[in-house]
Amino acid sequence: MKRKFYLLMGLLIYASGGLAQWSSYYFPEENASIEGGLGMTWIDNQAYYTIALQPDIAFGKFGVGLGLYLLFDAETGKLRPVDWDSSYDYARIIRYLRYGRKGDPFYTRIGALDAERLGHGFIVNFYNNHINYDRRKLGLTLDADFGYFGFESLANNLGRFEVLGGRGYARPLYGSEIPVLKNIALGASFVTDIDPDSRRDTDDGVSVWGIDVEVPLIKSDFVSTLLFVDHAQIADYGSGQTIGLQTDFHALTDFLGMGITIERRFLGKEFIPNYFGPFYVILRYTTFGELIDFYESLGGDITGIPPDFLPILNDRHVNQKDLLPMMIQKRHGWFASLYLDFLHLIRVMGFYQMIDGQDNSGMLHLGAGLSPSIPFLALEATYDKRGIHDFKDIRTLDYRSVARVGIGYKIKPYLILYMDYIWNYEWDEDLEQYKPQERFQPRLAFRYYFNKF
């Protein structure tokens, strides 16, 4: 199932942005607003009348975002049952509750987790807990930095604990006046998926631990440069290392903010970097065919599968952990990310990673946004793709893709004509596997801002 989606790439190139229901990852919730709308939604060619109410309320560092979406079948007039068939569906009316913002001395958020990472991202990187839109999960992040020490933590699903993890770090020389050395940090991480197949009577859990060190080489008003080294170990399996350099240009902040990270990765046998990544929700319980496709994108050779792995072919469902015995070769790779903020109006970020000598090992994340302060136009886009070989792979949507695009024309500052496009996954009860789902959502929205940045 492939379809060319040039609109998505065009929006990314032109730096799209700002739809409230997507938890405002690219523009944090700095604008208290209330939004409601009427429209239509097409889900796999089935039409629904749509009523939406989406208030975003901010009081200082506190923020609350709610999302009430009612979809009525265009033929029967009945509510779409899959949206309200469990008590947890009602809890998802809360899009987020937050205090502070990522990077503050204290930050917490409950709700959708769009692009979560711990530390430098070698274990958890751009994790997404609502890749299945109909079964979005209510997650939690909690970070605190006390100077001498601090921690980061996450839980992907408060309704049923699944992926849990955290990173603690210490700056032993923080109280000294020694330049550079006073900000050296030593970190340790642990992340586990308790139950990938959602059956407590099976033993398929996986845990990853790691240690890291970061050294600020340069820290000035103009530029900050951070050198970091990470080591990660998958319990009972293999390990890997990465060394990276992160540079942020501060003196350009009022005009152009920019951050660049480049890593060189050394991946041992039976090891997968950023094990909890953008597609993990799908790969933690999937089919053998999809797992093999992901295996090849990690630099695995299908002809080199160990004979003792073959019995798994008899199992209908597998998870990412089953790949580890197949990773019988050491690999090397690159990871690079870029963040741009132009005049606080246009923000673009993305990363790309690949394995040396493996043509289809590319993995891409792109996201962009326009500030709500820009007149006439409201745009936002996010895009994830794995198994990339060439540009043709990037410009097509298939079972390796997740995309969300929104275009809004501001008829009045408070009245917006929107078209949302969502390509993600749904669980097929008959096939017992995930499959791509396509949504079109045109709507007329009323949005009022209480304050603007």
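Quick caveat, the model's predicted, so the values are computed rather than measured.

When you look at the overall build of the protein chain in this model, what are you seeing that I'm missing?
Secondary structure assignment for the protein chain yields five helices and 26 strands. Expressed as a percentage of its 453 residues, the buried residues of the protein chain come to 55%. Pairs at least 24 apart in sequence give 60% of the contacts found in the protein chain among residues at least 6 apart. Accessible area of the protein chain: about 20,200 Å², with a carbon and sulfur share of 64%.

Quick question: what am I supposed to make of the nonpolar core here?
One recurring pattern in soluble globular proteins is that nonpolar side chains are buried together. Residues Val 124, Tyr 275, Phe 276 and Leu 323 are the most contacted members of the largest nonpolar core, which totals 43 residues. Elements supplying a minimum of two residues to this core: strand E13 (206-219), strand E14 (223-234), helix H3 (280-283), helix H4 (288-297) and strand E20 (346-355). It is H4 that contributes the most residues to this core, five residues altogether. Those residues in contact with Tyr 275 that sit more than four places away from it in its chain are Phe 122, Ile 123, Val 206, Val 208, Ile 234, Tyr 280, Gln 320, Lys 321 and Leu 324. Judged by nonpolar contacts, the second largest core, of ten residues, contains Ile 394, Ala 403, Val 405 and Tyr 421.

Looking at this structure, how should I read the confidence of the model for the protein chain?
Reading fine detail from the predicted coordinates is not recommended where pLDDT is low. Across the protein chain, the average pLDDT comes to 79, with 80% of residues at or above 70. Across the protein chain, strand E12 (residues 185-193) holds the top mean pLDDT of 96, while helix H1 (residues 6-13) sits lowest at 34. Ignoring residues within four places in sequence, the model shows residues 1-29, a span with pLDDT below 50, making 117 contacts including any to other chains.

Help me understand unusual backbone geometry, please; the structure alone is not making it clear to me.
Residues other than glycine predominantly adopt negative phi, and peptide bonds predominantly adopt the trans conformation. A positive phi angle, close to 35°, is found at Asn 274, a residue other than glycine. As for its position among the elements, Asn 274 is in the loop between strand E16 (256-267) and H3. The backbone phi angle of Phe 376 is positive, close to 70°, even though this residue is not glycine. For Phe 376, the location among the structural elements is in the loop between strand E21 (362-370) and strand E22 (377-388). You can call Phe 376 exposed: its relative accessible area is 57%.

Analysis parameters
Residues numbered from 1 in each chain as written. Predicted model: local features only at pLDDT ≥ 70, side-chain atom pairs only at ≥ 80, totals over all residues. Heavy atoms only, no water. Helix = DSSP H or I, 4+ residues; strand = E, 2+ residues; numbered from the N terminus. Buried < 20%, exposed > 50% of the residue type's maximum accessible area, 1.4 Å probe, protein only. Contact = heavy atoms within 4.5 Å. Areas by Shrake-Rupley, 256 points an atom, 1.4 Å probe, with all protein chains shown as cover. Core = buried A, V, L, I, M, F, W, Y, C linked by side-chain atoms within 4.5 Å. pLDDT = per-residue confidence, 0-100.

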